Amino acid sequence: MKRAFSMVALALTLGGCASSAVVVGKVRPPIAASQVKLYVTPPKKFEEVALLQSSSQLSMAFTDQAKMDAVINRLKEEAGKVGANGVLLRGTGEQYGGSVGVGTGGGGFGLGTGIAITQKTGTGVAIFVTEE
């Protein structure tokens with residue numbers, strides 16, 4: 001049973017795409033996500049490298065803050081892959097990710113409930129900052 005669960009989790013992890021990048025500028029050598037800075041307002045001088053999109057899908061985060069942290073980390077990872085040293089955040093949001101249902105019954109009586117699952121989303125631009 002434990003092995004079957006592990007195989008399903010692995011398939012979901014490999015099958016789900018939680019972030020993407022569309023290159024629109026000069027790609028540089030990759031850098032670590034920890035070296036990528038998040039911007040909410042544009043720095044003085046920068047070059048656009050890629051358009052980014054991410055979600056908290058399959059992050060195993062439960063709170064809204066943890067889900068948003070996963071989105072930001074994934075945006076930074078994608079930016080780092082194309083050599084960008086910054087992410088200019090364009091927007092965040094939420095999307096429906098399905099639901100989980102639980103039910104029980106017996107003796108002609110049944111009871112059930114459903115819980116909606118939401119994911120956080122984010123878009124941004126991978127940028128190479130040349131001057132702040």
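Quick note: structure is the one above.
Note that the coordinates shown come from a computational prediction; the quantities given were computed from them, not determined experimentally. (Residues numbered from 1 in each chain as written. Predicted model: local features only at pLDDT ≥ 70, side-chain atom pairs only at ≥ 80, totals over all residues. Heavy atoms only, no water.)

Caption draft 1: Up close: helix H2 (residues 64–81). Compared with an ideal rise of 1.5 Å per residue, which puts 18 residues at 26 Å, H2 spans 26 Å between its outermost C-alpha atoms and is within 8% of the ideal. Taken together, the buried positions of H2 are Lys67, Met68, Ala70, Val71, Ile72, Arg74, Leu75, Glu78, Ala79 and Gly80. Positive phi shows up at Gly83, right after H2, with a value of about 80°. (Helix = DSSP H or I, 4+ residues; strand = E, 2+ residues; numbered from the N terminus. Expected span 1.5 Å × (residues − 1). Buried < 20%, exposed > 50% of the residue type's maximum accessible area, 1.4 Å probe, protein only.)

Caption draft 2: Representation of unusual backbone geometry in the model. A positive phi angle, near 60°, is found at Leu58, a position not held by glycine. Tracing the chain through its elements places Leu58 in the loop between strand E3 (45–55) and H2. On the basis of relative accessibility, which here comes to 40%, the residue Leu58 falls in the partly exposed class. Residue Met60 is not a glycine yet carries a positive backbone phi of 65°. Within the element layout of this structure, Met60 appears in the loop between E3 and H2.

Caption draft 3: Molecular detail of the packing of aromatic side chains. Tallied over the entire structure, the rule returns zero aromatic pairs. Over the face of the ring belonging to Phe128 we find Arg28, whose NZ or CZ atom lies 3.8 Å from the ring centre. (Phe/Tyr/Trp six-rings, centres within 6.5 Å; stacked < 30°, edge-to-face > 60°. Lys NZ or Arg CZ within 6 Å of the ring centre and 35° of its normal.)

Caption draft 4: Quick peek at the pattern of salt bridges. Tallying each qualifying case throughout the model produces three salt bridges. Its salt-bridge partner being Glu47, residue Arg28 comes within 2.9 Å of it at the nearest N-O pair. Separated by 19 residues along the polypeptide, Arg28 in the loop between strand E1 (19–23) and strand E2 (37–39) and Glu47 in strand E3 bring together distant segments of the chain. Judged by relative accessible area, Arg28 falls into the buried class, the value being 15%. With relative accessibility at 34%, the residue Glu47 sits in the partly exposed group. (Salt bridge = Lys/Arg side-chain N within 4 Å of Asp/Glu carboxyl O.)

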